[in-house]
Amino acid sequence: MKCFINKCTLNDIDKLIKVSIKTFSDTFSSSNELENMKNYLETAFSKEKIEKELKNQNSSFYLLYSGTDDDDGVNSNQSEGPIGYFKLNDLDAQGSDNHEDTSNSVELERIYLMKEHQKKGYGQFMIDKAIEISKNKQRSYIWLGVWEKNYSSLEFYKRNGFIKFGSHTFIIGEDHQIDHLLKLDLTNK
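All of these numbers come straight from a predicted model, not from anything done at the bench. (Residues numbered from 1 in each chain as written. Predicted model: local features only at pLDDT ≥ 70, side-chain atom pairs only at ≥ 80, totals over all residues. Heavy atoms only, no water.)

Looking only at helices and strands, the chain has five helices and seven strands in total. Ordered by position from N to C terminus, the α and β elements of the chain give β-α-α-α-β-β-β-α-β-α-β-β. For the chain, whose C-alpha radius of gyration is 16 Å, the value lies close to the compact-globule estimate of 16 Å for 189 residues. Viewed in the frame of its principal axes, the chain has a C-alpha envelope of about 45 × 45 × 30 Å. (Helix = DSSP H or I, 4+ residues; strand = E, 2+ residues; numbered from the N terminus. Rg over C-alpha atoms; globule rule 2.2 N^0.38 Å.)

Moving on, we get to the pairing of strand S6 (residues 163–172). Strand residues, when the strand is regular, have side chains that alternate between the two faces of the sheet. Pairing analysis gives nine bridges linking S6 to strand S7 (residues 175–185), with the strands arranged antiparallel. Counterpart to Thr 169 in the pairing with S7 is Ile 178. Hairpin connection from S6 to S7: two residues lie between these consecutive antiparallel strands, with Gly 173 at a positive phi of about 65 degrees. (Pairing = 2+ DSSP bridges.)

This brings us to the confidence of the model for the chain. When pLDDT is low, close inspection of the predicted coordinates is not appropriate. Here the chain shows a mean pLDDT of 90. Residues at 70 or above account for 90%. Confidence over residues 69–77 falls short of pLDDT 50; this stretch has 14 contacts with residues more than four positions distant or in other chains. (pLDDT = per-residue confidence, 0-100. Contact = heavy atoms within 4.5 Å.)

Once that is clear, we can look at helix H2 (residues 34–44). Among the residues making up H2, those that are buried are Asn 36, Met 37, Tyr 40, Leu 41 and Ala 44. Summarising the axial view, the buried residues of H2 lie within an arc of 125 degrees, below the 170-degree limit, and thus occupy one face. Facing away from the buried side of H2 by over 90 degrees, the exposed positions are Leu 34 and Thr 43. Contacts made by the buried residues of H2 are with helix H1 (13–28), helix H3 (47–55), strand S4 (105–113), S6 and S7. (Buried < 20%, exposed > 50% of the residue type's maximum accessible area, 1.4 Å probe, protein only. Arc of directions from axis to C-beta.)

To describe two helices that pack against each other, one gives the angle between their axes and the distance between the axes. Taken N-terminus to C-terminus, the directions of H1 and H2 make an angle of 155 degrees; their axes are 11 Å apart at the nearest point. Between H1 and H2, the angle is such that the two are roughly antiparallel. Like other packed secondary-structure pairs, H1 and H2 cross with a definite hand, here right-handed. Contact residues: Ile 21, Phe 24, Ser 25 and Phe 28 in H1; Met 37, Tyr 40 and Leu 41 in H2. (Axes fitted to C-alpha atoms, helices over the stretch in contact; angles between N-to-C directions. Parallel < 35°, antiparallel > 145°, perpendicular 65-115°, else oblique. Left-handed = near helix turned anticlockwise from the far one by under 90°.)

Another point: the pairing of strand S5 (residues 141–147). Taking burial as the measure, the seven residues of S5 include six buried ones, the bulk of the element. Here S4 runs beside S5; their pairing, made up of three bridges, is parallel. If you follow Val 106 over to S5, its bridge partner there is Ile 142. For the handedness criterion, the β-α-β arrangement of S4, helix H4 (residues 122–136) and S5 is classed as right-handed. Bridge count between S5 and S7: seven bridges; the pairing is antiparallel. Its bridge partner lying in S7, Val 146 is registered against His 180. (Right-handed = clockwise from strand over helix to strand, strands pointing away.)

Printed below as a string of structure tokens:
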């Protein structure tokens, strides 16, 4: 498996929106009502909202690309387009759900991968990169929210050492869902 990430700029906004809608829809459409999903996608991944997030100096998006055997793993062939992405929030860009000092943590707000690329090691690559970036910021832990019914993701985070420390409500359209809040201690990694 060859892959690499590129930090997004405003020039990547259309690619980011496209991969966001595709990955979120593929992951959650079968578990949510069509109208709720439609409303959520239009709001969460609107050009205006994503542009605002990209302009926030404490938020960073990273697009994931698959490579080929002759790629060097840095900024190689991007003709296929991104196959996933993750978003990290630092300092005041974090959600308020971590209940601790945000100067000591990084929030992994989103980590999504195209369905056809799952279970091939790309998710592990992204979580490893998110952890590496957070450690380079000298933060003590990384945290995230994951839907209580997303069993494969919950298992993935458990395998990576994340532990539950709370929960919060996540709203999709009119549907109020529960996310488990998980964190990973980075001080011993």
